[in-house]
Structures are given as structure tokens and as C-alpha cells.
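Remarks on the overall topology
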Amino acid sequence: MEIKIDCDCCGFNKNNIYKALEEMPKDSEISALSDFFKVLGDPTRIKMMYVMSQGEVCVQNIAQALGMTKSAISHQLRGLKEKKIVKSRREGKNVYYSIDDEHVRQVINIAMTHIMHTN
């Protein structure tokens, strides 16, 4: 579908819009990105991410750190794991959770930098 930009009201370079449209991710990728931010868009999950940012922890450690039940933490971890935001590692009967990769940690740090800058 050919898109024609014909607004001259602000003198904006139309090529910038065409370039943005060329580089626009697929709808499925936009949807996945939106889901990523929805999953992180919860105060409890953000706190959990900060606890895990220091390394691997078990459910009990997270629950104690946040004053929550193991069941509530496990429920939240399931969603984070499904979205590949956290990963787990089993060692005997124990399961340890950590942030899935450095990109997730960077997104959180950049977002916090933005928040601190705007306050």
C-alpha cells in the first residue's frame, strides 16, 4: 500500500516519515514489544526485577525481600518467564531465578534514568 504524505503545515521533512515507515517493525514485533512493556508495567514485577538484578535468587528470597508470599511471587515469576524476561535454573530441589539477559536489565536501567531525569 502506497502512503502519500501531503501535509505542508509544519515544514517537516517528509522523507523522515517515509524512512520511519520503511523501518517500522512488523505488527507481530510491535505487539511483542507492547506485551513486554505491559508485563513490566507492574510495581511488584519491577521490584522483583531489582531483586534479581543482583544475581540469581530463589522464590523464598524474593518473597522475603518484598514481604510477599511464595505463592504470589511464583505466580508473577511464571508470567515473567513466559515472556522470556526472567530465566530459571534448577539445582537439585532448588530453582534459582535471574534476569534473562543484559538487554532486559538495560531497558529497566534506561527507563529509570529517564524517570530520574524527569523528576
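Attention here is on the structure that accompanies the text. Here, residues in each chain are numbered from 1, in the same order as that chain's written sequence. Two thresholds apply to this predicted model, a pLDDT of at least 70 for residue-level local features and 80 or more for giving and counting side-chain atom pairs, whereas whole-chain, interface and lining totals are computed over all residues. Only hydrogens and water are removed before side-chain values are computed, so all heavy atoms of the structure are retained for them.

Here we come to the overall build of the protein. The way it works is that DSSP assigns letters per residue, a run of H or I at least four long becomes a helix, a run of E at least two long becomes a strand, and they are numbered from the N terminus. Each helix and strand counted, the protein has 6 helices and 2 strands in total. Sequence-ordered secondary structure for the protein, helices as α and strands as β, is α-α-α-α-α-β-β-α. For 119 residues, the compact-globule estimate of 2.2 N^0.38 gives 14 Å, and the protein exceeds it by more than 25% at 20 Å. Each principal axis of the C-alpha atoms in the protein carries an extent, and together these give about 65 × 35 × 20 Å. Exposure classes here rest on a 1.4 Å probe applied to the protein chains alone. A residue is buried below 20% of its type maximum, exposed above 50%, and partly exposed in between. Expressed as a percentage of its 119 residues, the buried residues of the protein come to 19%. Two residues form a contact once any of their heavy atoms are found within 4.5 Å. In the protein, of all internal contacts separated by at least 6 residues, the share reaching a separation of at least 24 is 47%. Here the open area of atoms and residues is found with the Shrake-Rupley method and a 1.4 Å probe, where only the protein chains shown may cover a residue. Here the protein has roughly 8,900 Å² of accessible surface; of this, 54% comes from carbon and sulfur atoms. Charge counting follows a simple rule: Lys and Arg are positive, Asp and Glu are negative, and His as well as the terminal groups are ignored. For this purpose, a charge sits on NZ of Lys, CZ of Arg, CG of Asp or CD of Glu. Counting 17 positive and 15 negative side-chain charges, the protein places the averaged centre of each group 11 Å from the other. Our radius of gyration is a C-alpha quantity, and the globule rule it is checked against amounts to 2.2 Å times the number of residues to the power 0.38.

This next bit is on the nonpolar core. As a rule of thumb, nonpolar side chains are buried together in soluble globular proteins. Grouped together as the largest cluster of nonpolar side chains are 20 residues, with contacts concentrated most on Met-49, Met-52, Leu-77, Leu-80 and Ile-85. Among the elements of the structure, α2 (27-40), α3 (43-52), α4 (59-66), α5 (70-82), β2 (94-99) and α6 (102-118) are those that each provide at least two residues to this core. Apart from the residues within four sequence positions on either side, Met-52 is in contact with Val-57, Ile-62, Leu-77, Leu-80, Val-86, Tyr-97, Ser-98, Ile-99 and Arg-105. Within this scheme, the nonpolar core is defined by two criteria: the residues are buried Ala, Val, Leu, Ile, Met, Phe, Trp, Tyr or Cys, and they are joined through side-chain atoms within 4.5 Å.

Axis lines are fitted through C-alpha atoms, for helices just across the contact stretch, and the angle between N-to-C directions can take any value from 0 to 180 degrees. Contact geometry of α3 with α6 gives a least axis separation of 11 Å together with a crossing angle of 115 degrees. With respect to the hand of their crossing, α3 and α6 are arranged in left-handed fashion. Two secondary-structure elements touch here, α3 through Met-49, Tyr-50 and Met-52 and α6 through Val-104, Arg-105, Ile-108 and Met-112. For this scheme, ten residues count as nonpolar: Ala, Val, Leu, Ile, Met, Phe, Trp, Tyr, Cys and Pro. Four count as charged, namely Asp, Glu, Lys and Arg, and the remainder, Gly too, count as polar. Considered class by class, the residues forming the contact of α3 with α6 number 6 nonpolar, no polar and 1 charged. A clockwise turn of the near helix away from the far one marks a right-handed crossing, whereas an anticlockwise turn of less than a right angle marks a left-handed crossing.

Keep in mind these values describe shape, not function.
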